[in-house]
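# Fold and geometry: a report
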Amino acid sequence: MAEHDLPRRGLVLAAAALGAGGAGYPPPSPIDSGSVEGGRIQFPDWRAPADPPSGALPQPRPPGERIGFAIIGLGRIALEEVLPAFAECKEARPVALVSGSPEKARLAAAQYGIPAEAVLGYAELERLRDRPEVQAVYIALPNAMHREFTERAAAIGKHVLCEKPMANSLADCRAMTEACARAGVRLMVAYRSQYQPHHRAAIALIRGGELGRLRFIEASNTQANGPGPQWRYSKQMAGGGALPDIGLYCLNATRYLTGEEPVEGFATIHNPSGDPRYAEVEESMAFQLRFPSGVLANCLTSYGAYQNRMLRLHFERGSIEMPHAFDYQGQRLVVQRRVGQVAAEEERIVKPKNQFAQEIDHFAGCVRAGRQPHTPGEEGVQDQALMEALYRSAAEGRPVRMEPPPGPTRGPDPA
Ligand code: NDP
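Residues numbered from 1 in each chain as written. Predicted model: local features only at pLDDT ≥ 70, side-chain atom pairs only at ≥ 80, totals over all residues. Heavy atoms only, no water.

### Re the pairing of strand β6 (residues 136-139)
Here β6 shows no split at all, with A136 and Y138 on one side and V137 and I139 on the other all buried. Both strand β3 (residues 67-72) and β6 contribute to a ladder of four bridges, which runs parallel. Note on β6: the bridge partner recorded for I71 is Y138. Pairing geometry for β6 and strand β7 (residues 159-162), over four bridges, is parallel. Bridge assignment links V137 to a residue of β7, and that residue is V160. Taking the sense of rotation as the criterion, the β-α-β connection linking β6, helix α5 (residues 146-155) and β7 turns out right-handed. (Buried < 20%, exposed > 50% of the residue type's maximum accessible area, 1.4 Å probe, protein only. Helix = DSSP H or I, 4+ residues; strand = E, 2+ residues; numbered from the N terminus. Pairing = 2+ DSSP bridges. Right-handed = clockwise from strand over helix to strand, strands pointing away.)

Next comes the structure, spelled out in structure tokens:
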């Protein structure tokens, strides 16, 4: 009789008789089977110490116990990166969608196993109050809408993970942090690079002092944008051009890599004349920052240059190159330094992880533990203050002083 013909009880008995190793096979060793300890599945290392260990197993939380997110705004970042990333999350799951495009939202809901009744329009956002499985929202709307939707989500008791840039003005950013504090909900700005393993490794290298003092940072984030109309070319909707959209990655990186706040900045803007896309927002900006320790940063960002998203760090005794530093994937970390009598170039192999899943899980963990996220609202407020200073510098054609934030802008490091 074939196995699938066995009645259920017979199948169970047959499986028990086979034993864990199956009939005729030698039983597995503890190295083969692993074990369960303290509610975690684990395997002993099967390789010799000469090889790097494979690391701890993922320990996903059962789906019903994860923090449920409503995704607000189903544009490219939501559909290309955020919703797919939930498949790699261990602490979070998508449970509702909020969109102005019902047909698209219904289709996306079906694709991601979200019930049709959990698909809402923007005007219906407050109905999320009655859905206890929604504990947090992920705001993936155009920049100008971040404040309104943060305030509305906070008012119904939902924690907020908001896309960058946090908002379009300092007043809006501050209002968002105040609204979340008043409502007793957590607020995090989606600075994905701060959760990306190569960036974490670069921070560890800098703090560890292996290459001596950090002296210079070069950072670029450029791309060749297409024709309008797009909300990104509207000052009202986007707040600015390349700087808040992609140059922000360079600015934010100089701060988390140095662990310092810039004291002076100088910016220059170029807009191609006669291009209607850049009637309201800048196409290109180059900016320099000076940090208290003496680190100097040179950054450039543009909507009009072939995509390039790199970081280069110059130390006293070496340098680090990170091509694709701000891409969604493809990060590398190449160290140049002296080894003995020769100049060496070595790639540090850092296990890649989905940075969107990393940041979403970090926030879910913070919501669960009642902990401050690593990139809370204060981090977004400070970047907004610095961007406003850079625009002032470009308008006045001279360097401007940059004020330190009133307190720490980051919570505990991500695990
Ligand atoms: P898109 O233009 O692709 O999508 C925006 C979506 O917002 C639309 O599809 C629409 O969704 C909704 N929307 C509601 N009202 C408007 C409106 N008046 N005009 C335009 N769209 C509207 O933008 P992105 O997904 O690229 O960007 C969204 C946010 O994410 C921005 O803040 C951006 O800075 C950030 N971002 C972050 C990235 C990252 O790497 N972390 C990368 C790219 C963007 P619907 O049809 O569902 O209503």
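### Observations regarding the site of the ligand
Taken together, 27 residues are adjacent to the ligand, and S99, S101, Y122, N143 and R192 come closest. G100 places a main-chain nitrogen or oxygen 2.8 Å from an oxygen atom of the ligand. Contact distances for the ligand include 2.7 Å between an oxygen atom and a side-chain N or O atom of W231. Taking 890 Å² as the accessible area of the ligand by itself, protein coverage stands at 82%. Elements with a minimum of two residues in the shell around the ligand: α3 (76-85) and α9 (242-258). Of the residues assigned to the shell around the ligand, the class counts are 13 nonpolar, seven polar and seven charged. Residue contributions to the shell around the ligand reach at least three from each of two domains, namely domain 1 (63-192) and domain 2 (194-352 + 376-401). (Near = heavy atom within 4 Å. Polar contact = N/O pair within 3.5 Å; in protein donor to acceptor, adjacent residues only side chain to side chain. Areas by Shrake-Rupley, 256 points an atom, 1.4 Å probe, with all protein chains shown as cover. Nonpolar A, V, L, I, M, F, W, Y, C, P; charged D, E, K, R; others polar. Domains from an automatic or database assignment.)

### Some thoughts on a nonpolar patch on the surface
Together, V36, I41, F43 and L57 give the surface a local cluster of nonpolar side chains, amounting to about 370 Å² of exposed area. Here F43 shows up in the loop between β2 (40-42) and β3. The exposure class of F43 is partly exposed, given its relative accessible area of 44%. (Patch = residues over 30% accessible without salt bridge, like charges linked within 9 Å, V, L, I, M, F, W, Y side chains within 5 Å. Salt bridge = Lys/Arg side-chain N within 4 Å of Asp/Glu carboxyl O.)

### Re the environment of L205
Considering the arrangement of structural elements, one finds L205 in helix α7 (residues 197-208). Exposure remark for L205: the relative accessible area of 8% places this residue in the buried category. For L205 and P373, which are 168 residues apart along the polypeptide, the C-alpha to C-alpha distance reads 23 Å. With residues up to four places along the chain from it excluded, the contact list for L205 reads E210, I320, L333, V335 and R348. (Contact = heavy atoms within 4.5 Å.)

### Things to note about the layout of surface pockets
Its boundaries defined by the atoms lining it, the largest pocket holds a volume of some 1200 Å³. In terms of lining, the largest pocket is formed by 36 residues, of which the most central are A56, P58, K90, K353 and Q358. At the level of secondary structure, the elements contributing two or more residues to the lining of the largest pocket comprise β2, α7 and α10 (355-369). In terms of residue count, α10 provides more of the lining of the largest pocket than any other element does, five residues in total. For the lining of the largest pocket, a count of residues per class yields 16 nonpolar, eight polar and twelve charged. Both of domain 1 (63-192) and domain 2 (194-352 + 376-401) provide at least three residues apiece to the lining of the largest pocket. Along the walls of the second largest pocket sit 35 residues, with R76, I77, W231, R232 and Y328 positioned nearest its centre. Mapped by element, the contributors of at least two residues to the lining of the second largest pocket are α3, β9 (214-224) and α9. Taken together, the residues of the lining of the second largest pocket sort by class into 14 nonpolar, eleven polar and ten charged. Residues from two domains meet in the lining of the second largest pocket; each of domain 1 (63-192) and domain 2 (194-352 + 376-401) gives at least three. (1 Å grid on protein atoms, 1.4 Å probe; cavity = no way out; pocket = protein on both sides within 12 Å on 5 of 7 lines; lining within 4 Å. Points joined across faces, edges and corners; volume = space filled by probe spheres on them.)

### With respect to the domain arrangement of the protein
Assigned domains of the protein: these are domain 1 (63-192) and domain 2 (194-352 + 376-401). Distance between the C-alpha centres of domain 1 and domain 2: 27 Å. For the pair domain 1 and domain 2, the summed buried area comes to about 2100 Å², and 59% of that belongs to carbon and sulfur atoms. Here domain 1 and domain 2 share one salt bridge between them. K164 is paired through a salt bridge with D245; the nearest N and O atoms lie 3.4 Å apart. For the interface between domain 1 and domain 2, the tally reads 15 residue pairs in polar contact (both at pLDDT 80 or more). Every element with two or more residues in the side of domain 1 that touches domain 2 is listed here: α3, α6 (170-183) and β8 (187-189). Top contributing element to the side of domain 1 that touches domain 2 by residue count: α6, with four residues. (Buried area = accessible area lost by both parts, 1.4 Å probe.)

### Thoughts on the nonpolar core
Membership of the largest hydrophobic core comes to 99 residues, with the highest contact counts inside it found for F69, L128, Y138, L257, F287 and L311. Two domains each donate at least three residues to this core, and these are domain 1 (63-192) and domain 2 (194-352 + 376-401). The residues contacting L128, other than those within four sequence positions of it, are A70, A96, V98, L120, V134, V137, I156 and K158. Y233, I246, V281 and Y303 belong to the second-largest nonpolar core, a separate cluster that totals six residues. (Core = buried A, V, L, I, M, F, W, Y, C linked by side-chain atoms within 4.5 Å.)

### Here's the deal with the sheet that holds β6
Spatial strand order, β5-β4-β3-β6-β7-β8: six strands in an open sheet with parallel pairing. Each edge of the open sheet carries a strand with a single partner, namely β5 (119-120) and β8. Bridge count between strand β4 (residues 92-98) and β5: two bridges; the pairing is parallel. Bridging across to β5, L97 finds its partner in V119.

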